[in-house]
Amino acid sequence: MALFTLRSLSKDFGIKEILKDASFSLDEGDKVGLIGTNGSGKSTLLKMIAGLESIDSGELWVNASAKIVYLPQQPDLDETRTVLEQVFADSGEQMELVRSYEALSDKLAHGHGDPETLMSQLSNVSQRMEAAGAWELETQAKVILTKLGIADLEAKIGDLSGGYRKRIALASALLTAPDVLLMDEPTNHLDALSVEWLQSYLSRYRGALLLITHDRYFLDRVTNRILEIDRGDLYSFAGNYAYYLEKKSEAEDSAASSQRKFTGVLRRELAWLRQGPKARSTKQRARIDRIRAMQGQEFKQTQGKVDISTVGRRIGKKVIDLAHICKGYDGRILIQDFSHSFSPEDRIGIIGSNGAGKTTLMDMIIGRVQPDSGTVEIGSTIQIGYFDQHSDDLAEHGNQRVIDYLKSVAELVKTNDGELITASQMLERFLFPPNQQYAPIHKLSGGEKRRLFLLRVLMSAPNVLILDEPTNDLDVQTLAVLEEYLEDFNGTVIVVSHDRYFLDRTIDTVFALEPGGNVRQYPGNYSVYLDHKQAEEAALKPIEAKSPAAVTVTAPSAPADPKTRKLSFKEKREYEQLETQIPSLEAEKAALEKLLYQNAPADFTEVQRLSERLAELGQAIDTATERWLTLAERAG
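Residues numbered from 1 in each chain as written. Predicted model: local features only at pLDDT ≥ 70, side-chain atom pairs only at ≥ 80, totals over all residues. Heavy atoms only, no water.

Novice: An account of the confidence of the model for the chain is requested, with residue identities and associated values reported.
Specialist: Caution applies to low-pLDDT regions: their predicted coordinates should not be interpreted in detail. For the chain, the average pLDDT comes to 81, and 82% of its residues sit at 70 or higher. A low-confidence stretch, residues 547-564 (pLDDT under 50), is modelled with 24 contacts involving residues beyond four sequence positions or located in other chains. (pLDDT = per-residue confidence, 0-100. Contact = heavy atoms within 4.5 Å.)

Novice: Can you explain the sheet that holds strand E9 (residues 233-237)? Please cite residues and give values.
Specialist: Taken in spatial order, the six strands make up an open sheet running E5-E6-E7-E3-E8-E9, and their pairing is mixed. Edge positions in the sheet fall to strand E5 (68-71) and E9, since each of these pairs with one other strand and no more. In this sheet, neighbouring strand axes are inclined to one another by 15 degrees on average, regardless of whether the strands run parallel or antiparallel. Pairing between E5 and strand E6 (residues 180-184): four bridges, direction parallel. Bridge pairing in E6 places Tyr70 opposite Leu182. (Pairing = 2+ DSSP bridges. Helix = DSSP H or I, 4+ residues; strand = E, 2+ residues; numbered from the N terminus. Axes fitted to C-alpha atoms, helices over the stretch in contact; angles between N-to-C directions.)

Novice: Can you tell me about the nonpolar core, naming the residues and giving the values?
Specialist: Looking at soluble globular proteins, one finds that nonpolar side chains tend to be buried together. With 55 residues, the main nonpolar core has Leu174, Leu181 and Leu202 as its most contacted residues. Here this core gets seven residues from one element, more than from any other, and that element is helix H6 (residues 162-176). Once residues lying within four places of it in the same chain are set aside, the contact partners of Leu174 are Ile144, Leu181, Trp197, Leu198, Tyr201 and Leu202. Among the nonpolar cores identified, the runner-up in size contains 43 residues, and Ala423, Leu455, Phe502 and Val510 belong to it. (Core = buried A, V, L, I, M, F, W, Y, C linked by side-chain atoms within 4.5 Å. Buried < 20%, exposed > 50% of the residue type's maximum accessible area, 1.4 Å probe, protein only.)

Novice: An account of empty space enclosed by the protein is needed here, citing residue identities and associated values.
Specialist: Going through the model one piece at a time under the given rule, you end up with one cavity of 30 Å³ or more. Quantified by volume, the largest cavity comes out at close to 50 Å³. Leu34, Ile35, Gly36, Lys42, Glu185, Ile212, Thr213, His214, Leu474, Asp475 and Val476 are the residues that line the largest cavity. Its residues assigned to classes, the lining of the largest cavity shows five nonpolar, three polar and three charged. (1 Å grid on protein atoms, 1.4 Å probe; cavity = no way out; pocket = protein on both sides within 12 Å on 5 of 7 lines; lining within 4 Å. Points joined across faces, edges and corners; volume = space filled by probe spheres on them. Nonpolar A, V, L, I, M, F, W, Y, C, P; charged D, E, K, R; others polar.)

Novice: How would you summarise the side chain of Gln86 if you had to cite specific residues and measurements?
Specialist: The residue Gln86 is located in helix H2 (residues 83-87) in this model. With relative accessibility at 9%, the residue Gln86 sits in the buried group. Ignoring sequence-local partners within four residues, the contact set of Gln86 consists of Leu77, Asp78, Arg81, Ile157, Ile168 and Ser172.

As structure tokens, then:
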């Protein structure tokens, strides 16, 4: 069944045609990845489907019974709410019950009010929560938030960073379990472990997805269709990202072959025409008409590709030396006694949970932040190019024209092959056409701004490249070219990224930031690092099995360590509730399985309904068990 359908949709922003005569339909069970170069209109298309952007022409039909939830790159949240209140904002009666339960629990914990009265009220609310399924919803919310690295559920939204807000909005979207999830770069601001979890969650998600992401592993493992926007045209590929690459290559080869054949035929026909045949016969007149039609036919050129070919500069033996550096904030140690001498051949990826100190380490290297102790020495020949994750430099130049922003670095650039080209030509190589070069920077899309900032960094001819979350907002095509550029880059590369594919392509050493400020070094790319970690965990299991108090379940990652906190009053109540809820769910599941496998109803509709309930029970048991294990570990 179709959930929404686009028919002959068009959208034009004046200087750029986003969509022309585009048609597409999303059906139940579809998991679609939307790709295209930055500024091609991916986010605009999601906004049109969500009803937040107007349509110039065409038709958008949405199934009236389908619930659609849109997750933008920068969600607008109520700053007065707590994390938990925001997550439950769209849950109606269940939200009110959860809030009542939380308020009563808080009063009991702090001795505010008569204990007997409060316990009676709490018991009443607990029964209503059970009847409304609110216990299951709250458990699921806490599991999702924990997996996304949100530990403080009572924190005010207004006190949180943009990255935390995005994760809270993501949790809220997942919790509503809509028929259609529209997601714009859901992996931004997530660490690698959270991305792995989200990838697994969406792979099992029963609703339909239409998502924009630069994470190619994510696209490969979550999607079953790829939708590409290419200069206003919409193309659909019935497979994952690997399938898309294969078919796209075949289509481009076929188009190039067709164009070569067409050109050959046209050349021969024009040679015949130059001989001056007189159109006396009907066949000759028809042939002349056909030649004129062929002359007017246009072929769509192959998609433009970013060309990164800026010249490098000499790099000496001494690059950057870090000696016993330490850094912490508010009593929390981020970096503890870390030393390393970077070499010209280093390709290093820095990983760690959100808030572990990755960006802080980068800022100490370039001098934006001073270490609490230790020293940072930079070689005399070193020119650092720092591609920071927020493109802070662009924020100061929003009203400046694109061409002027680039000319402030260099008006002429010498490429690797010795060619001297202008700033305007360099912009064209980075897919900024002439009419866009004279537009103010604030008119660019988020991805186009990131691409422009990358060009400015590279035009400074660095011999040390520090890339802090380079994959945020860059399209997959640009990332592929950047990866090729880094392979031949004559200098040191330091990357902070959660993008597993990008790390696998660009690094040969991993620096893992661990709790307590320890920085551990692992040889190899990110996949090799994961193999190391799995081997370490496997080696620890026999030791854990010997200890009677050992807990064999890995706790979810989070910025703060929740295992050191004792259970609060309301968490104790939740723990007790789960101990009775899980067996009840398992009993219902067992009864349902027996009914389906031994005495299935004859009515197909009833069988389908029972099968769907069985799937729901399985997911509910997994979620409740995961939460119970987290609480059990802290309960001791």
